[in-house]
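# Residue-level structural notes
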Amino acid sequence: MLTKIYAENPSERELQKVVEVLRNDGIIIYPTDSVYAFGCSLRSPKAIERLRRMKGKDAGAFAVVFGELAQVAEYCRVDNAAFRVLKRNLPGPFTFVLPASSRVPDKALEKRRTIGIRIPGNAIPRAIVAALGCPMVTTSVKDDDQVVEYTTDPELIHERYGRDVSLVIDGGIGDNVPTTVVDLTDEEPEILREGRGELQ
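Residues numbered from 1 in each chain as written. Predicted model: local features only at pLDDT ≥ 70, side-chain atom pairs only at ≥ 80, totals over all residues. Heavy atoms only, no water.

## Brief notes about the packing of aromatic side chains
What describes a pair of aromatic rings is the distance from one ring centre to the other and the angle between the planes of the rings. Stated precisely, the cut-off is as follows: Stacked, tilted and edge-to-face are the three classes assigned to paired rings of Phe, Tyr and Trp, where Trp is represented by its six-membered ring and a pair needs centres within 6.5 Å; plane angles under 30 degrees give stacked, over 60 edge-to-face, the rest tilted. In our convention, an over-ring charge means Lys NZ or Arg CZ found within 6 Å of a ring centre and within 35 degrees of that ring's normal.
By the definition in use, this model includes three aromatic pairs. Judged by centre distance (5.4 Å) and plane angle (20 degrees), the rings of Phe-94 and Phe-96 are stacked. One residue, Arg-103, lies across the ring of Tyr-75, its end atom 4.7 Å from the ring centre. We note Arg-160 situated over the ring of Tyr-161; from NZ or CZ to the ring centre the distance is 4.3 Å.

Next comes the structure, spelled out in structure tokens:
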């Protein structure tokens, strides 16, 4: 199913459709402020497992999408220095690596003790998380093409993945530059991958 949602004013009715899918162990594809991404509810071990199988050898580390900073402290250990960095840069095209708290399910962690966190600048994922009442586990939609790493057109994404996921959200043409990944587990922030965001 392909559904149109506008970032400027996400429709309540459409958001409820998305929430229903996520609460029923579904996987969605949604726009962010960088690339399109897969998402499922953090409370759905079944969907997390399916997402891991779907991504196969590309599964790597999943990140978690939050709606607001206050939520992050529930799932991660955030000291004052890290909090200041988050506050300056989020919402925005960053993935920050933080120590996970025991509230993050083992399925999402895969034997790691850290988790990548996202609060996208795009209002759609933030509205989904707010309506769902819990964060989403997420991973980028990669392209098989060696030249273009990320698919940007929601219709092409739907063509390619429509059978694997319950719902694709058309939020317009996406970007093809991924997030900047920053490790905040040490005293000094360390940039692990240069992407869209410029660290403040």
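## Examining the packing of helix α1 (residues 12-23) against helix α6 (residues 123-132)
As a reminder, the rule being used: Angles run from 0 to 180 degrees between N-to-C directions of axes, and those axes are lines fitted to C-alpha atoms, restricted for helices to the stretch in contact. Comment: elements are numbered from the N terminus, with helices defined as DSSP H or I runs of at least four residues and strands as E runs of at least two. Each crossing is labelled by how the near helix is turned from the far one, with a counterclockwise turn of less than a right angle marking it left-handed and a clockwise turn marking it right-handed. For this analysis, residues touch if any pair of their heavy atoms sits within 4.5 Å. Residues are grouped as follows: nonpolar covers Ala, Val, Leu, Ile, Met, Phe, Trp, Tyr, Cys and Pro; charged covers Asp, Glu, Lys and Arg; every other residue, Gly included, is treated as polar.
Contact pair α1 / α6: the axes reach a minimum separation of 9 Å and the direction vectors enclose 60 degrees. When you trace α1 past α6, the crossing you get is right-handed. Across the interface between the two elements, Leu-15, Gln-16, Val-18, Val-19, Leu-22 and Arg-23 from α1 touch Ala-127, Ile-128, Ala-131 and Leu-132 from α6. For the contact of α1 with α6, the class distribution of residues is eight nonpolar, one polar and one charged.

## Looking at a negative patch on the surface
To keep things clear, this is the line we draw: Here a patch means residues that are over 30% exposed by relative accessible area and free of salt bridges, tied together within 9 Å if like-charged and within 5 Å if nonpolar (Val, Leu, Ile, Met, Phe, Trp, Tyr). Accessible areas in this description were obtained via Shrake-Rupley with a 1.4 Å probe; residue shielding takes into account the shown protein chains only. Each salt bridge in this description consists of a side-chain nitrogen of Lys or Arg and a carboxyl oxygen of Asp or Glu lying within 4 Å of one another. In this count, Lys and Arg are taken as positive residues and Asp and Glu as negative ones, while His and the chain termini are left out. Where a charge lies is defined by one atom per residue type: Lys uses NZ, Arg uses CZ, Asp uses CG and Glu uses CD.
Taken together, Asp-186, Glu-187, Glu-188 and Glu-190 make up a surface patch of like negative charges. Its place among the elements puts Glu-188 in the loop between β9 (180-183) and β10 (190-193).

## Looking at α6
Put simply, the rule is: Accessibility here uses a 1.4 Å probe with only protein chains present; expressed as a share of the type maximum, an area under 20% marks a residue as buried, one over 50% as exposed, and anything in between as partly exposed. Definition of a polar contact: a pair of N or O atoms within 3.5 Å, with one able to donate and the other able to accept a hydrogen when the atoms are protein atoms, and with sequence-neighbouring residues admitted only if both atoms are side-chain atoms.
Along α6, the positions that sit buried rather than exposed are Ile-124, Pro-125, Ala-127, Ile-128, Val-129 and Leu-132. The N-cap of α6, judged by a side-chain oxygen 2.8 Å from the amide nitrogen of Ile-124 a few residues on, is Asn-122. Directly after α6, the chain includes Gly-133, whose backbone phi takes a positive value near 85 degrees.

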